[in-house]
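# Remarks on the overall topology
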Amino acid sequence: MGETRELQLQVMGYEAKEENSGEPDAGHQSTVPQIRGRIWWIQMGVYSFFLLSGQTVATLLGRLYFDKGGNSKWMSTFVQLAGFPLLLPFYCISLPKNPTTDSIHMDRPPALTFALLYVSLGILLAGDCLLYSYGLSYLPVSTYSLICASQLGFNALFSFFLNAQKFTPFIVNSLVLLTISSALLVFQTDDSSDSKKISKEKYITGFLCTVLASAGYALLISLTQLAFRKIIKRNTMRAMLDLIIYQSIVATCVAVAGLFASGEWKDLKKEMEGYELGKISYLMTLIWTAAGWDVFSIGAVGLIFDVSSLFSNVISTLGLPIIPVLALVFFHDKLDGVKVIAMLLAVWGFVSYMYQHYLDDSKSKAESGNVDQVSQASTSKEVDR
């Protein structure tokens, strides 16, 4: 009887740990009520929609800025970061703190640790956005978006070292396909209207900057997942808003410093007056670009702390076919054979990873079912006694 009581205490302790952990567990999720499972999937759908819509709109508007007369790389970087005030109203509707959860996390690190975290992530974010700005200014948007697919491969690599991501044949297959997909684009001769204005040197520079930016973004979201697990230790909307807003404040300060240090601020008035679509369109392009990246941030960070950084990146890759098709319509980019092959390889890599995610989910549910059966059997034996 004493052994049974000890087993019950261990099970209760394990369940309490699962409920208060910042990391979702498939076995635990399978035991929650049906309605909670539906809410979780709806939440994932909303985050995915935010990520895909924000990414698509912001990327196309970012290219429109350069295509119609914009030239400031630091201004392009600034608008990727400066939309965080739009998120402040969400503090009012975020869920109230749970006293039980707060008491469990009394051992959270001091404020200085959080400050160092936000500053580090903010500086990395600013540098990454600057690299993306160079890539988007020198490349057709269809080529740019296809190269960005390489971030999934980088993310898997960083997740392996930082978040114990396991490599399987399907994930390796996904990495290889995405690497080949991006490598194909550096050897092509693009005849789109944009590339005719760009020298081969700038094209290569844009390619390298986009690859480095993809690696930087993969590192950033892997570190974000690690931070949620080791430092933040809270799976709440407020924790997500804190991370987005504080690191954006740091990154925006870096962008403003770069804008003035580079001297590009002196040309902004002339740039606005010479913008092909007019001054109002110039401002609206910048404003909606900032809003689009903010919507993207909500979706990306939401998926990171509810699932994983790799899953967030996979959903981002899902938007891969959307941008080149829209670029074909709005910017008349040429979707030639090399781009089509690169896109198909990237989609194949995405499907390969998603199949591995499906296998992992099925395995977790099966293991959870076995645990439930063992628990029920133990309970039945205790009742018989």
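Residues numbered from 1 in each chain as written. Predicted model: local features only at pLDDT ≥ 70, side-chain atom pairs only at ≥ 80, totals over all residues. Heavy atoms only, no water.

## Description of the overall build of the protein
- Along the protein, the regular secondary structure elements total 18 helices and 0 strands.
- Burial statistics for the protein: of 385 residues in total, 46% are counted as buried.
- Within the protein, contacts between residues separated by at least 24 positions form 85% of all contacts whose residues are at least 6 apart in sequence.
- Carbon and sulfur atoms provide 67% of the accessible area of the protein, an area that totals close to 19600 Å². (Helix = DSSP H or I, 4+ residues; strand = E, 2+ residues; numbered from the N terminus. Buried < 20%, exposed > 50% of the residue type's maximum accessible area, 1.4 Å probe, protein only. Contact = heavy atoms within 4.5 Å. Areas by Shrake-Rupley, 256 points an atom, 1.4 Å probe, with all protein chains shown as cover.)

## Notes on the side chain of Ser-133
- By secondary structure assignment, the location of Ser-133 is in helix H7 (residues 111-138).
- Once residues within four sequence positions are removed from consideration, Ser-133 is found in contact with Phe-66, Lys-73, Ser-76, Thr-77 and Gln-80.

## As for the packing of helix H12 (residues 200-232) against helix H15 (residues 279-306)
- Two elements in contact, H12 and H15, have axes whose closest approach is 9 Å; the angle formed by their N-to-C orientations is 50°. One way to sum up the angle between H12 and H15 is to call them oblique. For the pair H12 and H15, the crossing hand works out as right-handed. Contact with H12, carried on its side by Tyr-217, Ile-221, Thr-224, Gln-225 and Phe-228, involves Phe-296, Ala-300, Val-301, Ile-304 and Phe-305 of H15 and no other residues of that element. (Axes fitted to C-alpha atoms, helices over the stretch in contact; angles between N-to-C directions. Parallel < 35°, antiparallel > 145°, perpendicular 65-115°, else oblique. Left-handed = near helix turned anticlockwise from the far one by under 90°.)

## Here we look at helix H9 (residues 150-162)
- An ideal rise of 1.5 Å per residue puts 18 Å on 13 residues; H9 measures up with 18 Å between its terminal C-alpha atoms.
- Among the residues making up H9, those that are buried are Ser-150, Gln-151, Leu-152, Gly-153, Asn-155, Ala-156 and Ser-159.
- The positive-phi residue at the C-terminal boundary of H9 is Ala-164, with phi of around 60°. (Expected span 1.5 Å × (residues − 1).)

## Considerations on the packing of aromatic side chains
- Enumeration according to the criterion identifies 13 aromatic pairs in this entry.
- On the numbers, 6.4 Å between centres and 50° between planes, the contact of Phe-49 with Phe-50 is tilted.
- An angle of 75° between the planes, with centres 6.1 Å apart, marks the rings of Tyr-132 and Tyr-144 as edge-to-face. With Tyr-132 in helix H7 and Tyr-144 in helix H8 (residues 141-147), this residue pair connects regions lying 12 residues apart in the sequence.
- Judged by its relative accessible area of 11%, Tyr-132 falls in the buried class.
- Taken together through their ring pairs, the aromatic side chains of Tyr-65, Phe-66, Tyr-275 and Tyr-282 make up a single cluster. (Phe/Tyr/Trp six-rings, centres within 6.5 Å; stacked < 30°, edge-to-face > 60°.)

## Quick look at helix H4 (residues 73-81)
- Among the 9 residues in H4, 8 count as buried, and that is most of the element.
- Every buried residue belonging to H4 is among Lys-73, Trp-74, Met-75, Ser-76, Thr-77, Val-79, Gln-80 and Leu-81, and all of these are buried.

## Describing the environment of Pro-140
- For Pro-140, the position within the fold is in the loop between H7 and H8.
- Between the C-alpha atoms of Pro-140 and Asp-67, which are 73 residues apart in sequence, the distance is 9.5 Å.

## As for the environment of Lys-269
- Looking at the secondary structure, you find Lys-269 in helix H14 (residues 268-273).
- Lys-269 sits in the exposed class, given a relative accessible area of 59%.
- Remark: the alpha-carbon pair of Lys-269 and Lys-279, spanning 10 residues in sequence, is separated by 9.6 Å.

## Looking at the environment of Phe-228
- Its place among the elements puts Phe-228 in helix H12.
- With 76 residues separating them in the primary sequence, Phe-228 and Ile-304 have C-alpha atoms 8.9 Å apart.
- Apart from the residues within four sequence positions on either side, Phe-228 is in contact with Lys-233, Arg-234, Ala-239, Met-240, Leu-243, Val-301 and Phe-305.

## What about the confidence of the model for the protein?
- Per-residue confidence for the protein averages 77 on the pLDDT scale, and 76% of its residues sit at or above 70.
- Model confidence for the protein, summarised as mean pLDDT per element, is weakest for helix H2 (residues 26-29) at 40 and strongest for H4 at 95.
- Here residues 1-36 is modelled with pLDDT under 50, and outside its nearest four sequence neighbours on either side it reaches 27 contacts, counting other chains as well.
- pLDDT under 50 marks residues 97-106. Its contacts with residues more than four places away, or in other chains, come to 7 contacts. (pLDDT = per-residue confidence, 0-100.)

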